[in-house]
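This is what each chain is made of:
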Protein chains: 4
Amino acid sequence: MTKTVKKIGLLTSGGDAPGMNAAIRAVVRTCVYHNIECIGIYRGYQGMIEGDFETMDARSVNNIINRGGTILKSARSSEFRTKEGRQKAYQHLKNAGVDAFVVIGGDGSFTGAMIFNEEFDFPVMGIPGTIDNDIYGTTFTLGYDTALNTVVEAIDKIRDTASSHNRLFFVEVMGRDAGDIALNAGIGAGAEEILIPEEDLGLERLLESLESSRKRGKTSSIVVVAEGDKTAGKSVFELKEYVNENLPDYDVRVSVLGHMQRGGSPSCYDRVLASRMGVKAVETLLDGKSTYMVGVACDKMILTPLEDAVKGKSEIDQELLRVSDIVTI
Amino acid sequence: MTKTVKKIGLLTSGGDAPGMNAAIRAVVRTCVYHNIECIGIYRGYQGMIEGDFETMDARSVNNIINRGGTILKSARSSEFRTKEGRQKAYQHLKNAGVDAFVVIGGDGSFTGAMIFNEEFDFPVMGIPGTIDNDIYGTTFTLGYDTALNTVVEAIDKIRDTASSHNRLFFVEVMGRDAGDIALNAGIGAGAEEILIPEEDLGLERLLESLESSRKRGKTSSIVVVAEGDKTAGKSVFELKEYVNENLPDYDVRVSVLGHMQRGGSPSCYDRVLASRMGVKAVETLLDGKSTYMVGVACDKMILTPLEDAVKGKSEIDQELLRVSDIVTI
Amino acid sequence: MTKTVKKIGLLTSGGDAPGMNAAIRAVVRTCVYHNIECIGIYRGYQGMIEGDFETMDARSVNNIINRGGTILKSARSSEFRTKEGRQKAYQHLKNAGVDAFVVIGGDGSFTGAMIFNEEFDFPVMGIPGTIDNDIYGTTFTLGYDTALNTVVEAIDKIRDTASSHNRLFFVEVMGRDAGDIALNAGIGAGAEEILIPEEDLGLERLLESLESSRKRGKTSSIVVVAEGDKTAGKSVFELKEYVNENLPDYDVRVSVLGHMQRGGSPSCYDRVLASRMGVKAVETLLDGKSTYMVGVACDKMILTPLEDAVKGKSEIDQELLRVSDIVTI
Amino acid sequence: MTKTVKKIGLLTSGGDAPGMNAAIRAVVRTCVYHNIECIGIYRGYQGMIEGDFETMDARSVNNIINRGGTILKSARSSEFRTKEGRQKAYQHLKNAGVDAFVVIGGDGSFTGAMIFNEEFDFPVMGIPGTIDNDIYGTTFTLGYDTALNTVVEAIDKIRDTASSHNRLFFVEVMGRDAGDIALNAGIGAGAEEILIPEEDLGLERLLESLESSRKRGKTSSIVVVAEGDKTAGKSVFELKEYVNENLPDYDVRVSVLGHMQRGGSPSCYDRVLASRMGVKAVETLLDGKSTYMVGVACDKMILTPLEDAVKGKSEIDQELLRVSDIVTI
């Protein structure tokens, strides 16, 4: 692993997230800064298997820092889960003279990188890019801050309608396993109740809280529901039905925010975080280190072994749960 | 009808739309300007029946021009459809000394105003407030321009994801009977195909157009579907299934934008249009006229008898249909 | 002029405006639709003189409809004002087989096109692209609607500070000769007073109106000033000094919005207008017509001879002036 | 200090910042949650001196979490710098039964609180509300994250024009003593150079860096300049002149973003941070503690003695300076 890195491959993998392009730009420019080459790998591991490469220089990343999505595209690759697939990928990298790669993505992408590293003793680095903020080893993932703003702006709009019509809205936001988006956006949007996968509020407490907020004079309400929430095993539409039956004088609606949460121009925070992570990932490889994920903690760049990043579990913030109970009174 | 108006009632009715608050502000201030009183009526016709009134002055409408929704709230009222309900409403207006009212809303609201005018010879004026732009007698309704920007911004975000993953998205936008939002937002968002209630494209042409755009090298696509569209009698989710089966190499997703389309801070155009309509509505009453809807045509304020506004049908713009065929090539 | 057009040149000229890229996209795709070639000319007339051309197809305008600025760049060209310069330009067009061009820009750009047309009997068409909305022959110019939203959003932010600190803000917006942006954005932002080039309010009335709005309980105020305004021959900074001296208990500030007004992702309206104008410009050339500017009036595409577009004067809307007097009460 | 707190006063002081309303909401609701009273004090310390108080309950803070500015208004108070002024303020608080207060503001506001606490042994708490992020004892101040997004969005717009016209823009952003906004927004906006008060780049290096970025093919450039920067003792306008003379082929412009940076709807991060700080400030008082500023570090709430917060100096992040050198290559 101590052989010096001269040519770095770069790919985005898994679901796209705002800030991925800013990270791509930073990785490429850090390579230029250190006079090493950077090879863009298209469509994630699938493009690696197919040798879909392109040399990148400072100009190829001009004017992308403010754009959502990823110019390198992303794709899932079942073939990369096979030894044969990874062998093909390694051959392509070798032929292209690539001697290390940086992958921007989530858990699945990091697992692939770890296996690849073990099989071929190939230096790899990970940058956490996902709006779900569900990765161990970093306080914030790329795209998370932008997604929170997107969700809060959408709920602000829904609240205009809710309060004009004295309605109750169930708003489903992203987060299959993690309630971070729901909890933070719920507090930020002034939601009356927040339902997350990490804890089952229970139907009784939901009804109570809605009733009590109405008693306090609230004529409209927003309940933010994480995709992965299963309060009493019910979907957001079933919850609506349930409340309709039990609180008949409420006019209840559902809004599923959906895929728009993944896109959009990244927030300043995500652009800066992406820039810092891109620099750190490349310079870690140049230091002869490998198989780490770059993360941010206490506003500083830190390194976490990919293995821990994949195995570790990011916990929901108990203080935030308490804050949400208090401010939604 | 020639008795001079001294106190004007004001209500918002039907679905809320951005710009309603700006129109409320303009109506109130035009009353102040002409030294007549203005009475705010809460929750539409229901509030009229219950006498839920409040005197409004210039200050009660400070800092609302930029806010979505309606500070007067809105509600549907089945009771106002009965003679008894309208009788109660009339009594409350009489007791309060209100001798005319302005209603901001859509077709249903105008129908109610017409009947009320016929029964009690009570001066009324209508201001078209709905995002659907489906009202005869005005080129643009209040909230329509804002909704178009909201939809286009949402689809811009979805496109980031679509192009990063080479996906096809069906995006459902509002418009039960009118395709205006779908057609204009579809052109504005650069959609590959647009499905509206006014014409059934047919499944074959949909598949053809998707295939041909792929042949032209497009790796991702957006199809904008109006709520009221019934291509081959299929819902947006059924369309997705159909395309999934017939174009298996497409990764197809659905996004229903939903209620956020109704809210948000109004665009400058909607704020100015609302201001102009509010002034015109009040001054028309002061001229001794009644039972008109204020509208805009050729960038000038015009009056249309409420009866025509309700009966007339706003047509889809054939030139726009052609433009969309050309620019989506 | 009746020889059929087979290859169309396209350039943007003068100050950039949101929607120019959407118009470029529409012109290119309309050419593709009609199976004729389109040549992009970079940096306006200067690039025409230097033969800085590039063939454009449907793909070269992918994903630009939502972007501000112009991918063809723009520049002023003193050389094009000389016969020699235009002769060079003509030679380059001839060599490239270009037999007509569409220029997106303002008065100056159209004047250049007219002269070029007279000298070389060369078919030309103009598309009005400028945020100032100061062109005769169209109700709205490309970029104007977007600029209004940009200005209104900026003033909404400034009002937060103004009302928190009971301040008076003079906000300078673009518009050297035309008050359209100031008047519409001023109404849209709920400004207490609006100063435009078309009429000199006079210092006395300015002070009066500020005093009376304070008497009505307004503790903060926004005065929108068009760049070209010369109330009593004073600049916005001189106006601030004057008010400081004469209304000492006001805390007066100045904010010059500046160049950000020219940029940003175009509004839906500008994107659709650009698409319509692009289609119309190309199809007018294909009809064997020339030397017209495409415009919109009564929500329909119209043609105005370039000569009239250049000579004509777009007037300020008297109704709007009156509306602003009423709603700012 | 151990007497239990039963009624808490609340004020905003100094320059307003997005998130102040969210903090007000949180303080009020935390009081309600703990069954103690909350008294709103208008116009900062000046209102304290004048006894401009109002009792606040959960409803008085409905629908403010998303609004910029401060509903309690803010003002500077020279009178509070005098013993007599503070004596008056104390008397008003005593008469109203207020036995502690929370002040949302910056250094100056905290100094006032400290002196007041020493003179009258009166429990006080501080919440850092300022966009400048220049307060010791917290990684982020309220409003900073929102201001960064506002600045980056504005520069994104300016870049559209810059790149369409191959221009160089000097963009002045807020930050009299601290370069945090300039450095982070500069990185986020992809600026070619960033000038901050903490270090004088020097005119030579500025010219070099502009020349070298041009040599690398960059045809347009953005230089972000903090208000407080004094590169070679020059203002942003003098810098423009200097570059104009020394790099004549550059078309140089200046844009001063100004007061809009202080306003606008707070970002999700600022809304959540404000909620957390509001809860922490009240509960710290209820714990019998006083004279602390609430802050965030390592994503947790922390307390810093007001004295340290005022005396301490927040340093510019050296890692970020390095990142900006690398990514702007």
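One can find the structure itself at the top, above this paragraph.
Residues numbered from 1 in each chain as written. Chains lettered and ligands numbered in written order. Predicted model: local features only at pLDDT ≥ 70, side-chain atom pairs only at ≥ 80, totals over all residues. Heavy atoms only, no water.

*Asks:* It is not clear to me how the overall build of chain A should be interpreted in this structure. Could you clarify?
*Replies:* The helix and strand inventory of chain A stands at 11 helices and 11 strands. Relative to the globule expectation of 20 Å for 329 residues, the C-alpha radius of gyration of chain A, 22 Å, shows essentially globular dimensions. Structurally, chain A occupies a C-alpha span of about 70 × 35 × 35 Å along its principal axes. When the 329 residues of chain A are sorted by exposure, 65% land in the buried category. Of the contacts formed within chain A by residues at least 6 apart in sequence, a portion of 75% connects residues at least 24 apart. Element-wise, carbon and sulfur atoms account for 47% of the exposed surface of chain A, whose accessible area totals about 11,000 Å². Charged side chains of chain A number 37 positive and 47 negative; the gap between the two group centres comes to 5 Å. (Helix = DSSP H or I, 4+ residues; strand = E, 2+ residues; numbered from the N terminus. Rg over C-alpha atoms; globule rule 2.2 N^0.38 Å. Buried < 20%, exposed > 50% of the residue type's maximum accessible area, 1.4 Å probe, protein only. Contact = heavy atoms within 4.5 Å. Areas by Shrake-Rupley, 256 points an atom, 1.4 Å probe, with all protein chains shown as cover. Lys, Arg positive; Asp, Glu negative; His and termini not counted. Charge placed at Lys NZ, Arg CZ, Asp CG, Glu CD.)

*Asks:* For this particular structure, what's the right way to read the interface of chain B and chain A?
*Replies:* For an interface, size is often stated in terms of accessible area lost upon the parts coming together. Tallying the contact residues gives 32 residues for chain B and 32 residues for chain A. Taken together, both faces of the contact between chain B and chain A bury some 2,400 Å²; the carbon and sulfur share is 51%. Among the residues chain B hides against chain A, the three largest losses belong to Lys157(B), His259(B) and Met260(B). Together they make up 27% of the total. Linking chain B with chain A are 0 salt bridges, by the criterion used here. (Buried area = accessible area lost by both parts, 1.4 Å probe. Salt bridge = Lys/Arg side-chain N within 4 Å of Asp/Glu carboxyl O.)

*Asks:* Any chance you could explain the sheet that holds strand E9 (residues 251-256) of chain C here in plain terms?
*Replies:* Either a parallel or an antiparallel arrangement is found when strands of a sheet pair, and the pairing is made through backbone hydrogen bonds. Residue and element names in this part refer to chain C. Taken in spatial order, the 4 strands of this open sheet run E7-E8-E6-E9, and their pairing is parallel. Because the sheet does not close on itself, it has two edges, and the strands there are strand E7 (193-195) and E9. On average, each strand axis in the sheet is inclined to that of its neighbour by 20 degrees, with strand direction left out of account. Sheet topology places E7 next to strand E8 (residues 221-226); 3 bridges connect them, and they run parallel. For Ile-194, the partnering residue across the bridge sits in E8 and is Val-224. Those strands touched by helix H5 (residues 144-165) are strand E6 (167-173), E8 and E9, and its axis lies near 165 degrees from that of E6. In the packing of helix H8 (residues 236-246) onto the sheet, the strands contacted are E6, E7, E8 and E9, and the crossing angle to E9 comes to about 175 degrees. (Pairing = 2+ DSSP bridges. Axes fitted to C-alpha atoms, helices over the stretch in contact; angles between N-to-C directions.)

*Asks:* What is the right way to look at the sheet that holds strand E9 (residues 251-256) of chain B in this model?
*Replies:* Residues and elements named next belong to chain B. Taken in spatial order, the 4 strands line up as E7-E8-E6-E9 in an open sheet, and their pairing is parallel. With partners counted over all chains shown, the strands left at the sheet margins are strand E7 (193-195) and E9, one partner each. On average, each strand axis in the sheet is inclined to that of its neighbour by 20 degrees, with strand direction left out of account.

*Asks:* Looking at this structure, how should I read the interface of chain D and chain A?
*Replies:* Each partner contributes residues to the interface: chain D has 53 residues there, and chain A has 53 residues. Summing both sides of the interface, chain D and chain A together bury roughly 4,200 Å²; the carbon and sulfur share of this comes to 59%. It is Cys268(D), Val327(D) and Ile329(D) in chain D that bury the most area against chain A; as a group they hold 14% of the surface buried on that side. The tally of links between chain D and chain A comes to 8 salt bridges. Between Arg271(A) and Asp156(D) there is a salt bridge, and its shortest N-O distance comes to 2.7 Å. The interface formed by chain D and chain A contains 14 residue pairs in polar contact (both at pLDDT 80 or more). Within the residue set of the side of chain D that touches chain A, elements represented by two or more residues are helix H1 (20-33), helix H5 (144-165), helix H6 (180-188), helix H9 (268-286), strand E11 (300-305) and helix H11 (318-327) of chain D. (Polar contact = N/O pair within 3.5 Å; in protein donor to acceptor, adjacent residues only side chain to side chain.)

*Asks:* Any chance you could explain a negative patch on the surface here in plain terms?
*Replies:* Together, Asp107(A), Asp177(A), Glu198(A), Glu199(A), Asp200(A), Glu315(A) and Asp325(A) make up a region of like negative charge exposed at the surface. Tracing the backbone through its elements, the reader meets Glu198(A) in the loop between strand E7 (193-195) and helix H7 (203-215). (Patch = residues over 30% accessible without salt bridge, like charges linked within 9 Å, V, L, I, M, F, W, Y side chains within 5 Å.)

*Asks:* Would you take a moment to explain the relation of the copies chain B and chain A for this structure?
*Replies:* Mapping chain B onto chain A leaves a residual RMSD of 0.0 Å; the transformation is a rotation of 180 degrees accompanied by 0.0 Å of translation along its axis. Read as a symmetry element, the transformation amounts to a two-fold axis. Mapped onto chain A, 100% of the interface residues of chain B again fall at the interface, so both copies present the same surface. (Least-squares fit on C-alpha atoms with pLDDT ≥ 70 in both.)

*Asks:* Sorry if this is basic, but what is going on with the relation of the copies chain D and chain A here?
*Replies:* The relation between the two copies of this chain is a rotation about an axis and a shift parallel to it. Superposition of chain D onto chain A requires a rotation of 180 degrees combined with a translation of 0.0 Å along the rotation axis, giving an RMSD of 0.0 Å. Residue by residue, 100% of the interface of chain D is reproduced at the interface of chain A, so both copies engage with the same surface.

*Asks:* How should I be thinking about the side chain of Arg25(D) in this particular structure?
*Replies:* Checked against the element boundaries, Arg25(D) lands in helix H1. Buried and unpaired, Arg25(D) has Glu192(A) as its nearest opposite-charge partner, separated by 5.9 Å. Here Val327(A) takes part through its backbone oxygen, which lies 3.5 Å from a polar atom of the side chain of Arg25(D). Ignoring anything within four residues of it in the chain, the contact list for Arg25(D) reads Gly190(A), Val327(A), Val61(D), Ile64(D) and Ile65(D).

*Asks:* Mind showing me how you'd approach the environment of Tyr42(B) here?
*Replies:* Residues and elements named next belong to chain B. With respect to the element layout, Tyr-42 can be found in the loop between strand E2 (37-41) and helix H2 (44-50). Separated by 29 residues in the primary sequence, Tyr-42 and Ile-71 place their C-alpha atoms 8.4 Å from one another. Apart from the residues lying within four places of it in its own chain, the contact partners of Tyr-42 are Gly-47, Met-48, Asp-52, Glu-54, Ile-71, Leu-72 and Lys-73.

*Asks:* I tried to follow the packing of H7(A) against helix H8 (residues 236-246) of chain A on my own but got confused; where do I start?
*Replies:* Each pair of packed helices gets described by two things: the angle between the helix axes and the distance between those axes. Residue and element names in this part refer to chain A. The geometry of H7 relative to H8 is characterised by a closest axis approach of 11 Å and an angle of 60 degrees between their N-to-C directions. On the basis of their axis angle, the class for H7 and H8 is oblique. Considering only the axes of H7 and H8, their crossing is right-handed. In contact with Leu-203, Glu-204, Leu-206, Leu-207 and Leu-210 of H7, H8 contributes Leu-239, Tyr-242, Val-243 and Asn-246. (Parallel < 35°, antiparallel > 145°, perpendicular 65-115°, else oblique. Left-handed = near helix turned anticlockwise from the far one by under 90°.)

*Asks:* Please explain the pattern of salt bridges as it appears in this structure.
*Replies:* Any two side chains of opposite charge can pair, on the condition that their charged atoms come close. Under the criterion given, the structure shown has 65 salt bridges over all chains. The closest approach of N and O atoms between Arg322(D) and Glu283(A), which form a salt bridge, is 2.7 Å. With Arg322(D) in helix H11 and Glu283(A) in helix H9 (residues 268-286), this residue pair bridges two chains. The buried category is assigned to Glu283(A), whose relative accessible area is 16%. Connected through salt bridges with shared partners, the residues Arg43(A), Glu50(A) and Asp52(A) form a single ionic network.

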